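What follows is the residue order along each chain.
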Amino acid sequence: MIDETTEADGSTGRHTRRRFIALGGAAGVAGLAGCSAERTGDDGSGGSGDSDGNETNGDGSDGDAEDAGEDGESETPTLTVATYGAFIDAPSVSPGEWLKGEFESRVDATLEWATPDNEVNHYVERAASGAPIDADLYVGLTTEDLVRIDEELDDDLFSAAGDVDGADAVRDGLRFDPFERAVPFDTGYVSLVYDGTETEAPETFEGLLAEEHRGDLIAQNPGGSSTGRAFLLHTISRFGDGGVAADGDEEAVEGDDGDPDYDYLDYWAELQDNDVRVLGSWDDAYTSWSEGEAPIVVSYSTDQVFADMEGADLQEHRIRFLNDQAYATPEGMAVFADADEPDLAREFMSFMLEPEVQGEIAQRNVAFPATDTAELPEDYAELAQEPADPVTFTYDQLQGSLDAWITAWERQYRGN
Amino acid sequence: MSDGSRGRDGSDGSDESDGTDNRRDRPVRLRDGNRTTRLGDRIERRALTGLAAATVAVLALVFYYPVGTVLVESVVVDGAVTLGVFADLLRDPFYFGELARLFAGESPLAVVRGLLGADRRLGIVGFTAYQAALSTIASVALGLPAAYLLARFEFPGRRTLRSLTIVPFVLPSIMVAVGYVATFGRNGTLNAVLGAVGLGPVDLMFTLEAIVIAHAFYNAPLVARVTTAAWESVDAGAVETARSLGASPARAFLHVVAPQVYPAVLMGAALTFVFTFGTFPIVLALGGFELATVEVFVYRLARDLNYAEAAALAVVELVISLSVLGAYLRYEARHTVTSRGVRPLPRRPLLPSAPTAREVLPRLGLGVYGVVAALVFLAPLASMVLASVTGGDGGLTLEHYRFLLERQRTGAAFQVRPWPAVRNSLVFAAASALVALPMGVVVAVITTREYRGRKLVDAVAMAPFAVSGILVGLGLLRGLVFGVEVAGWRIAVAGSAAIVAAHAVAGYPFVVRTVAPGLESLDRSLIESARALGASRARVLRDVELPLVWPGVVAGAAFAVAISMGEFTATVVLATGADAYTMPIAIERFIGRRLGPATAMGVVLLVVTGVSFVVIERLGGEYDGI
């Protein structure tokens, strides 16, 4: 159809046009061909039907074939570690590359990263759809992730950590999984960051309600941002949930403020009256804060590390722990129940907890180590600040409540 | 266009399948048949049917089936079919405001009183429609003067400017947010300009206005492009005839030009409404949670794995968007422009030729518009570029670009690197346009034939514009990436080819919309003559119809390319595990706790897209259309 060059009135323009159309058809067929088939129950480590016969991919995508031309059939086992994108790609926070190099130099194995955009939800979806889990462990689990996963799936997505060397060194306050699947490897603290040349941030939650701080605070949507969620949870820890999530037998969360009649929704109503801004993601909020839309933003207590890296004025990047507290957001790692290399995965977990590696993760991910044996430079604490009194909800507290807390907040805040 | 002739066209469909040998054997052919085999002939006769089947297959595979797997969750909960989720949703004042009372069984009168009351509640859905309507008005208001300028005036750089109008279309919201805060923020460009002329600062950020302006940034170019194309298609002869019959210039415009431009303006408006109804990240970035739209909740619910409610909300979105598109399609069918310009109206120079009011006033108006457009379109773009060369200490730096180079040079194989992202974006864009074109043309042909329910088919074919992007992504994950188990084999689709198909599906409705009005308006006798001379239906389409509506074809292709360049949700799902990431994905992946490297990649996207479109439209010839 496309080879007829002698058109009756074959102007070149017309000819090109025809090729264009006909080629389109061909490409359509090619599009249909981009599929793969794989025996189910086969325990190949790859599993995600990647495929694509298309040209462009220098290094193919499938599991075994990827690294340095090593053959998948060689004796070297491959450990597939799933994590979130920033862990390997973001220029400012990505220990991934270093970890891979270090692990491979110590252990006779190939480490492969997988970073699906939906993060751990990707594996929840896989499990729910009966698709094979094509990774050995997940790095970057939060307490809320575990609660959500356990509510959604009947079968275990992760298996118990079991014997992991070095797990004893993990600080007690950070162990967030009552079923001991997830082992924490680092933690962050969500606090206020403020521009000291514009304002002096208040020392208490109540201080944010003062007239002098009207319109000063930018927070994030708890439904879509983890810093926003942490800040909301911090207000619940402070003021109580007013029984929002109670369905009869459940106890209401009592706030530290000691006032049973004043809960987080009351606090947020006043915060909203004082013109707080709740934007979408962390970068929405931080962009607006950087441009001077408001002098205080909900962010991480490691902010000065980044400011220092960029040579910014540290006066403009000051940290405030409200009521000397900050909400801790420990990150954990856990082995998938369907892992092809469970032993290797546990070896990796031990590796992650070694003092030297802990120090590197903390510095490269700009966070805090999960163990008390981590080797950190003396001056690390100068810029990366830890609160006197970290707070965080346990798995049991979040279970059955988190969704109701957020929904109640959304309905009040957006309900006008 | 008379119905009779179209009816005859409709019957042509059957001709193809039963073969019309008597006609084929006639001596007069449209081409010299020497080199054509009987087999080739037969293939050609079936080409249209084949293409239609392929189109349906692609749509089913990468759109309807995957999306269906998600939407069905709104009516199937724990294995049982129920309408309970919808019932709860419709009766919830949080989403439906006063209307919820109607669904809850209150009397319509009470609801109307509530709606007229001072403290009426719109609900999330009502608010979403309200801001979409405002955004549509703003987009049309900002798009029409641009169309007037581009269609009616001649000036150096006109074609380049028109090519570049597509650029806003592809920018990720993170870039637009950065540009907008820097332009309209407290310390932004606007306030600096106002301050310089002694006017007080305005606080636009975190308001409905900020969202509406940002939506206009994305969509006014769309309105401008479709309207420009329609305006350029107005036949100068018709206007001259009207003038020679004594019509004043205003009257000639009102009765000859305007009726041919309206449908395009309405199409731009309808699409703008649908796009801004499904808006998501930009609303929270520039407005805040007080102004959250439906899609914000779809996202939250899906993220928390609450699929039943997320799917139900998405169905509500879909129904509203398709109703708006359906209303437009009914209008389009009734108001088809029956003649396309053989000789476009002559363009005027931008400088007035005489100091008369008639010469000066329109140009003065365009001057004012130019200032507004510079603020709405250029200033944010300039701010994005500036952000990419600004360091953490506020000084100028090339550090962020150095990061891109360094990542390209030393990045590990598992990391996202800039050049593969650029290359993949270009390859996917070209390939998906090549797939979207035949798909769009075939659907345009099918929906311009006369039969019952064709407008329904047309509306359903537009669904890729109207379904929540978040759920499309989820559907692709479930339906394609995870695959389906068939007889012990798991069939999965992912990688480059699937991305191209998904992009084509996202872009092809543009081709339909830009091609269908032209096809509908063609003089049917041309087609009949060609058929009588022995040409197959496919050949008539290729040799007669498409050349006549070529501007629309190119226009649709341009949009298909733009959609592909800017697409994120489907790409990120299908690129999983493969080295098939694109520029928007690279931008997202480079966001760490410093935004600089991401903005540098954003500028790369800006430049690559801009250059691509200048090149595409140079190649497309003067009839580059929309």
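Residues numbered from 1 in each chain as written. Chains lettered and ligands numbered in written order. Predicted model: local features only at pLDDT ≥ 70, side-chain atom pairs only at ≥ 80, totals over all residues. Heavy atoms only, no water.

For chain B, the name recorded in an unreviewed UniProt entry is Thiamine transport system permease protein, with Halorubrum aquaticum as its organism.

Per an unreviewed UniProt entry, chain A goes by Thiamine transport system substrate-binding protein and derives from Halorubrum aquaticum.

Caption draft 1: Seen up close, the side chain of B:E295. Residue and element names in this part refer to chain B. Here E295 is to be found in helix α16 (residues 294–303). Despite its burial, E295 pairs with no opposite charge, the nearest such side chain being R300 at 13 Å. Setting aside its immediate chain neighbours within four residues, E295 contacts G278, T279, F280, E317, S468, G469 and I470. (Helix = DSSP H or I, 4+ residues; strand = E, 2+ residues; numbered from the N terminus. Buried < 20%, exposed > 50% of the residue type's maximum accessible area, 1.4 Å probe, protein only. Lys, Arg positive; Asp, Glu negative; His and termini not counted. Salt bridge = Lys/Arg side-chain N within 4 Å of Asp/Glu carboxyl O. Contact = heavy atoms within 4.5 Å.)

Caption draft 2: Representation of the pairing of strand β11 (residues 325–336) of chain A within the structure. Residues and elements named next belong to chain A. Counting buried positions along β11 yields 11 of 12 residues, so the element is predominantly enclosed. Pairing of strand β4 (residues 137–141) with β11 involves 4 bridges; the strand directions are antiparallel. Within the sheet, the bridge partner assigned to L137 lies in β11 and is V335. The pairing of strand β5 (residues 158–159) with β11 spans 2 bridges and is classified as antiparallel. By the bridge assignment, S159 is partnered in β11 with V335. (Pairing = 2+ DSSP bridges.)

Caption draft 3: Examining helix α13 (residues 236–244) of chain B more closely. All names here are of chain B. Turning to α13, its buried residues number three or more, namely A236, V239 and A242. Looking down the long axis of α13, one finds its buried residues gathered within 125 degrees of arc, a one-sided arrangement. Those residues of α13 that are buried are in contact with α14 (249–277). By the N-cap criterion, in which a side-chain oxygen at the helix start approaches the backbone nitrogen of a residue two or three places on, α13 is capped by D235, the distance to G237 being 3.1 Å. (Arc of directions from axis to C-beta. Polar contact = N/O pair within 3.5 Å; in protein donor to acceptor, adjacent residues only side chain to side chain.)

Caption draft 4: Quick look at the side chain of A:R320. Residue placement: A:R320 occurs in strand β10 (residues 318–320). Among the polar contacts listed, one links the side chain of A:R320 to the side chain of A:E200, at a separation of 2.9 Å.

Caption draft 5: View of unusual backbone geometry. Residue and element names in this part refer to chain A. Within the chain, D275 stands out as a residue other than glycine whose phi angle is a positive 70 degrees. Relative to the helices and strands, D275 resides in the loop between α6 (264–273) and β8 (277–279). The backbone phi angle of V366 is positive, close to 45 degrees, even though this residue is not glycine. Inspection of the secondary structure assignment puts V366 in the loop between α10 (355–364) and β12 (368–369).

Caption draft 6: Quick look at the pairing of β4(A). Residue and element names in this part refer to chain A. The buried fraction of β4 amounts to 5 of the 5 residues, a majority that puts the element mostly inside the structure. Across 3 bridges, the pairing between strand β2 (residues 78–83) and β4 is parallel. Looking at the pairing, V81 lines up with L137 of β4.

Caption draft 7: Representation of a negative patch on the surface. Residue and element names in this part refer to chain A. A surface patch of like charges, here negative, comprises E151, E152, D154, D155 and D156. Tracing the sequence through the fold places E152 in helix α4 (residues 143–152). Residue classification places E152 among the partly exposed positions, given a relative accessible area of 33%. (Patch = residues over 30% accessible without salt bridge, like charges linked within 9 Å, V, L, I, M, F, W, Y side chains within 5 Å. Areas by Shrake-Rupley, 256 points an atom, 1.4 Å probe, with all protein chains shown as cover. Charge placed at Lys NZ, Arg CZ, Asp CG, Glu CD.)

Caption draft 8: Layout of the nonpolar core. With 293 residues, the main nonpolar core has A:F158, A:F231, A:W268, A:F348, A:W405 and B:Y95 as its most contacted residues. Contact partners of A:F158, with chain neighbours within four places excluded, come to A:V120, A:Y138, A:L141, A:L146, A:I149, A:R181, A:A334, A:V335, A:F336 and A:A337. (Core = buried A, V, L, I, M, F, W, Y, C linked by side-chain atoms within 4.5 Å.)

Caption draft 9: Just the confidence of the model for chain B, in detail. Residue and element names in this part refer to chain B. In this model, chain B carries an average pLDDT of 85, and 91% of its residues clear a pLDDT of 70 or more. Helix α8 (residues 123–152) holds the highest mean pLDDT among the elements of chain B, 96, whereas helix α1 (residues 3–18) holds the lowest, 38. A low-confidence stretch, residues 1–36 (pLDDT under 50), is modelled with 59 contacts involving residues beyond four sequence positions or located in other chains. (pLDDT = per-residue confidence, 0-100.)

Caption draft 10: Highlighting a nonpolar patch on the surface. All names here are of chain B. A surface patch of nonpolar side chains, amounting to about 410 Å² of accessible area, comprises Y65, V484, V486, W489 and I491. At the level of secondary structure, the elements contributing two or more residues to the nonpolar patch comprise β5 (484–486) and β6 (489–493). Position of I491 among the secondary structure elements: in strand β6. For I491, a relative accessible area of 31% translates into the label partly exposed.

Caption draft 11: Representation of the environment of A:D403. Within the secondary structure, A:D403 is located in helix α13 (residues 402–413). For the pair A:D403 and A:E144, spaced 259 residues apart in the sequence, the C-alpha separation amounts to 10.0 Å. Those residues within four positions of A:D403 in sequence are excluded, and the remaining contacts are B:R300 and B:D304.

Caption draft 12: Representation of the pattern of salt bridges. Across all of its chains, the model carries 38 salt bridges over all chains by this definition. Between A:R229 and B:D304 there is a salt bridge, with the nearest N and O atoms lying 3.4 Å from each other. With A:R229 in helix α5 (residues 226–239) and B:D304 in the loop between α16 and α17 (307–334), this pair bridges two chains. Take A:R229 and B:D304: they sit in the same class, and that class is buried. Of the charged contacts in the structure, one is a salt bridge between B:R513 and B:D458, with a shortest N-O distance of 3.2 Å. With a gap of 55 residues between them, B:R513 in helix α24 (residues 496–521) and B:D458 in helix α21 (residues 454–461) connect regions that are remote in the sequence. According to the relative accessible area criterion, B:D458 is buried, its value standing at 1%. Taken together, the shared-partner salt bridges connect A:R229, A:D403, A:E410, B:R300 and B:D304 into one network.

Caption draft 13: Fine view of the packing of helix α9 (residues 342–353) of chain A against α10(A). Residue and element names in this part refer to chain A. Orientation of α9 relative to α10, taken along the N-to-C sense of each, is 75 degrees, at an axis distance of 5 Å. Classified by the angle between their axes, α9 and α10 sit roughly perpendicular to one another. Only P355, V357, Q358 and I361 of α10 make contact with α9, whose side of the interface consists of F351, M352 and L353. Partitioning the contact of α9 with α10 into residue classes produces 6 nonpolar, 1 polar and no charged. (Axes fitted to C-alpha atoms, helices over the stretch in contact; angles between N-to-C directions. Parallel < 35°, antiparallel > 145°, perpendicular 65-115°, else oblique. Nonpolar A, V, L, I, M, F, W, Y, C, P; charged D, E, K, R; others polar.)

Caption draft 14: Inspection of the packing of helix α3 (residues 120–129) of chain A against α4(A) at higher detail. Residue and element names in this part refer to chain A. Contact pair α3 / α4: the axes reach a minimum separation of 11 Å and the direction vectors enclose 10 degrees. Classified by the interaxial angle, the pair formed by α3 and α4 is roughly parallel. For the pair α3 and α4, the contacting residues are V120, N121 and V124 in the first and D145, R148, I149 and E152 in the second. Class assignment of the residues belonging to the contact of α3 with α4 gives a composition of 3 nonpolar, 1 polar and 3 charged.

Caption draft 15: Structural context of the packing of aromatic side chains. This model, assessed by the stated rule, comprises 50 aromatic pairs over all chains. Each ring, one from A:F368 and one from A:Y380, has its centre 6.5 Å from the other, and the planes form 70 degrees; the classification is edge-to-face. Taken as a pair, A:F368 in strand β12 and A:Y380 in helix α11 (residues 380–383) lie far apart in primary sequence, 12 residues in all. Take A:F368: its relative accessible area is 2%, and that puts it in the buried class. For the ring pair B:Y148 and B:W231, a centre distance of 5.7 Å and an interplane angle of 35 degrees mean the geometry is tilted. Of the two residues, B:Y148 sits in helix α8 while B:W231 sits in helix α12 (residues 208–232), which places them 83 residues apart along the sequence. (Phe/Tyr/Trp six-rings, centres within 6.5 Å; stacked < 30°, edge-to-face > 60°.)

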